[in-house]
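Structural overview
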Protein chains: 2
Amino acid sequence: MNTSLQVGKQSIAFEKPVYIMSSASMVGPKEGEGPLRDTFDVVVQDATFGADSWEEGESQMMKETSLLALRKAKLKPEDIRYLFAGDLLGQLIATTFGVVDFNIPLFGLYGACSTAGEALSLGAMTVHAGYADTVLAAASSHFGGAEKQFRFPLEYGNQRPMSSTWTVTGCGAFVLSKEYGEVQISGITTGKVVDYGVKDSLNMGACMAPAAADVLYQHFQDFKRNPKDYDWIVTGDLGKVGKEILCKLMLDQGYDIETVHMDCGMEIYDDVEQDTHSGGSGCGCSAVTLAGKLIQELKVGKLNRILFIPTGALLSTVSYNEGQTVPGIAHAVVIERRKKEEKVG
Amino acid sequence: MNTSLQVGKQSIAFEKPVYIMSSASMVGPKEGEGPLRDTFDVVVQDATFGADSWEEGESQMMKETSLLALRKAKLKPEDIRYLFAGDLLGQLIATTFGVVDFNIPLFGLYGACSTAGEALSLGAMTVHAGYADTVLAAASSHFGGAEKQFRFPLEYGNQRPMSSTWTVTGCGAFVLSKEYGEVQISGITTGKVVDYGVKDSLNMGACMAPAAADVLYQHFQDFKRNPKDYDWIVTGDLGKVGKEILCKLMLDQGYDIETVHMDCGMEIYDDVEQDTHSGGSGCGCSAVTLAGKLIQELKVGKLNRILFIPTGALLSTVSYNEGQTVPGIAHAVVIERRKKEEKVG
């Protein structure tokens with residue numbers, strides 16, 4: 001027997017709103033030169049954030065971004081009951097060392113670049129159920145740390161094919177609360193591991209697009225909605241290559257999303273000036289685009305409802321070198337402007 | 001304002017029971033020769049589980065264990081609404097390739113060896129809130145894959161200090177349901193990242209014991225309980241070295257847990273015959289001990305209430321080689337025999 005919270009096969013519709021009380025974004029220098037530069041809270045010119053390594057720098061970034069989100073909500077770490085966070089580094093070291101001083105109970109998450117969606121989903125579920133009044137959700141990535149871990153040492157100067165994406169150095173953090181906010185999470189659709197057999201670690205868009213299509217199709221089915229119900233359907237980091245595949249896969253299912261589809265990976269860098277090939281990627285890519293541009297536009301009423309779908313490629317050098325594919329996963333979160341009739345005061 | 005679900009600083013007390021409908025355990029040959037051999041569902045003699053690599057073998061193990069837990073509950077993958085799972089391998093590849101065929105929405109988790117506790121916690125929260133009627137929680141580890149990733153190639157034959165533990169090749173899977181079961185989860189206390197500055201990757205017990213002490217102390221505070229309220233306080237994989245530290249730290253806080261403390265890492269191998277030094281470790285260590293021995297003893301009434309605390313050392317070769325410490329994390333889950341008055345039919 002399903003309760004009314006359970007919608008269709010994979011979705012939850014929240015009965016009471018869960019608010020995004022505040023959001024914060026911090027990025028590195030390259031992102032600070034891109035088209036979204038004015039939407040970020042902090043642009044740091046030193047990509048190691050003053051630390052001795054990229055990894056420690058990413059930890060520093062997660063720490064500072066989380067603290068900024070808390071300050072905006074007029075909260076301290078001790079006001080947060082649970083933290084939902086993750087990053088791309090093995091064993092989530094950016095998160096571990098970034099949040100250790102907060103003394104907040106942590107649910108460590110790994111969803112590759114879909115982690116922001118996973119964190120917002122579990123955070124909203126936790127607040128809505130009454131397990132916490134206020135939680136923090138955060139996700140980060142770092143170009144240097146990610147290239148070192150997943151591909152080639154930067155010093156090697158390898159050629160990057162046109163299908164490759166550029167890992168965003170950035171962190172997005174969100175305070176979720178049942179109390180107040182101008183933007184709310186009203187539902188989620190949780191994705192499955194989807195494997196189309198793609199084996200190209202330099203074409204992450206192709207690895208992730210089938211997972212995005214899978215969760216988007218199911219979202220439309222579960223909520224009985226269609227592309228017209230959203231101002232934007234926002235994927236995380238498919239890039240140009242992945243976007244094309246997603247639109248094609250959705251068209252095959254009878255949904256034309258072309259005009260309402262936006263990909264954070266295609267927004268964050270300037271295609272001509274910054275030459276990142278297919279676009280941006282990483283947990284941070286979707287997290288900072290939501291924390292900055294999208295939430296700002298929701299707040300001022302430029303947007304009313306978006307479907308936020310961070311997309312992850314489950315790439316591992318171990319499984320990849322053992323001949324395995326790169327499956328994808330994506331998690332959808334419905335984010336809306338607070339309804340007028342709910343306004344307080 | 002806290003609701004009644006929120007207990008103290010870090011805990012949740014479930015108002016309605018969440019049942020462990022079924023559990024399954026699968027282990028490798030070494031674990032099958034240990035003292036718990038008769039409590040496991042399946043002992044596999046080939047540690048690669050018929051696959052071409054340890055990693056693929058671990059995936060196979062997670063798949064088979066999950067399917068066995070489902071069969072015991074008379075369910076199919078399509079009956080499961082969400083899957084909460086993780087392992088020790090970078091990017092959770094054992095999980096990714098283990099569950100891909102199930103087509104179940106996945107929340108990928110990383111809590112090092114505390115993952116079984118994290119999965120049971122989030123799974124129980126999800127069922128209790130009505131987001132799902134039935135979920136699956138699973139965690140695995142593999143000696144070969146873990147040594148390769150975290151320490152030395154097995155072929156190198158490095159000497160292991162007496163403080164080192166042996167990663168368990170094993171997977172535990174649990175079907176959680178609101179409907180029926182003889183064993184129930186009645187509460188959780190979620191742990192924080194705790195860093196005592198230990199830098200020895202071959203002394204994981206010392207890295208994790210402070211995190212176990214932290215969450216255990218908070219559990220006693222939150223629930224207003226003491227060691228006498230539990231038949232066993234079961235940590236995951238502290239081993240002999242970590243156990244001693246935990247008992248000492250708790251005594252410093254005024255709690256003598258010596259007589260009710262059990263560590264899965266000290267139960268799973270024979271100290272004399274199997275010579276694993278400090279004991280067993282890995283996500284699988286606590287998961288298979290719970291799925292086998294502990295749940296069996298709860299079912300027959302030999303135990304009435306245990307506090308299950310899987311313990312994780314947040315070790316990464318990258319951060320470790322950059323001079324960082326190895327922080328710990330642990331998550332506590334209250335597991336009880338179904339109360340008599342709740343019996344159906």
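Structure: above.
Residues numbered from 1 in each chain as written. Chains lettered and ligands numbered in written order. Predicted model: local features only at pLDDT ≥ 70, side-chain atom pairs only at ≥ 80, totals over all residues. Heavy atoms only, no water.

Right, let's talk about helix H7 (residues 239-252) of chain B for a bit. Residue and element names in this part refer to chain B. With 14 residues, H7 should cover 20 Å at 1.5 Å per step; its first-to-last C-alpha distance of 20 Å lies within 8% of that length. Among the residues of H7, Gly 239, Gly 242, Lys 243, Leu 246, Cys 247, Leu 249 and Met 250 are the ones counted as buried. Projected onto a plane normal to the axis of H7, the buried residues spread over an arc of 165° and lie on a single side. In H7, those exposed residues whose orientation departs by more than 90 degrees from the buried face are Glu 244, Leu 251 and Asp 252. Buried-residue contacts for H7 involve helix H6 (204-223), strand E10 (232-235), strand E11 (261-263) and helix H8 (264-267). Following H7 by one or two positions, Gly 254 adopts a phi angle in the positive range, close to 95°. (Helix = DSSP H or I, 4+ residues; strand = E, 2+ residues; numbered from the N terminus. Expected span 1.5 Å × (residues − 1). Buried < 20%, exposed > 50% of the residue type's maximum accessible area, 1.4 Å probe, protein only. Arc of directions from axis to C-beta. Contact = heavy atoms within 4.5 Å.)

A few words now on the packing of aromatic side chains. With the rule as written, the count across this model stands at 14 aromatic pairs over all chains. Ring centres 5.7 Å apart and planes at 50° place the aromatic pair Tyr 82 of chain A and Phe 107 of chain A in the tilted group. Taken together, the residues Tyr 82 of chain A in strand E4 (residues 82-87) and Phe 107 of chain A in strand E5 (residues 106-108) connect sequence positions 25 residues apart. Their ring planes at 65° and their centres at 6.1 Å tell us that Tyr 217 of chain B and Tyr 255 of chain B sit as a pair that is edge-to-face. Of this pair, Tyr 217 of chain B sits in helix H6 while Tyr 255 of chain B sits in the loop between H7 and E11, and the two are 38 residues apart along the sequence. Through successive ring pairs, a cluster of aromatic residues spans Tyr 82, Phe 84 and Phe 107 of chain A. In this arrangement the basic side chain of Lys 30 of chain B is found over the ring face of Tyr 269 of chain B, its NZ or CZ atom lying 5.9 Å from the centre. One Lys or Arg, Arg 305 of chain B, reaches over the ring of Tyr 230 of chain B and ends 5.7 Å from the middle of that ring. (Phe/Tyr/Trp six-rings, centres within 6.5 Å; stacked < 30°, edge-to-face > 60°. Lys NZ or Arg CZ within 6 Å of the ring centre and 35° of its normal.)

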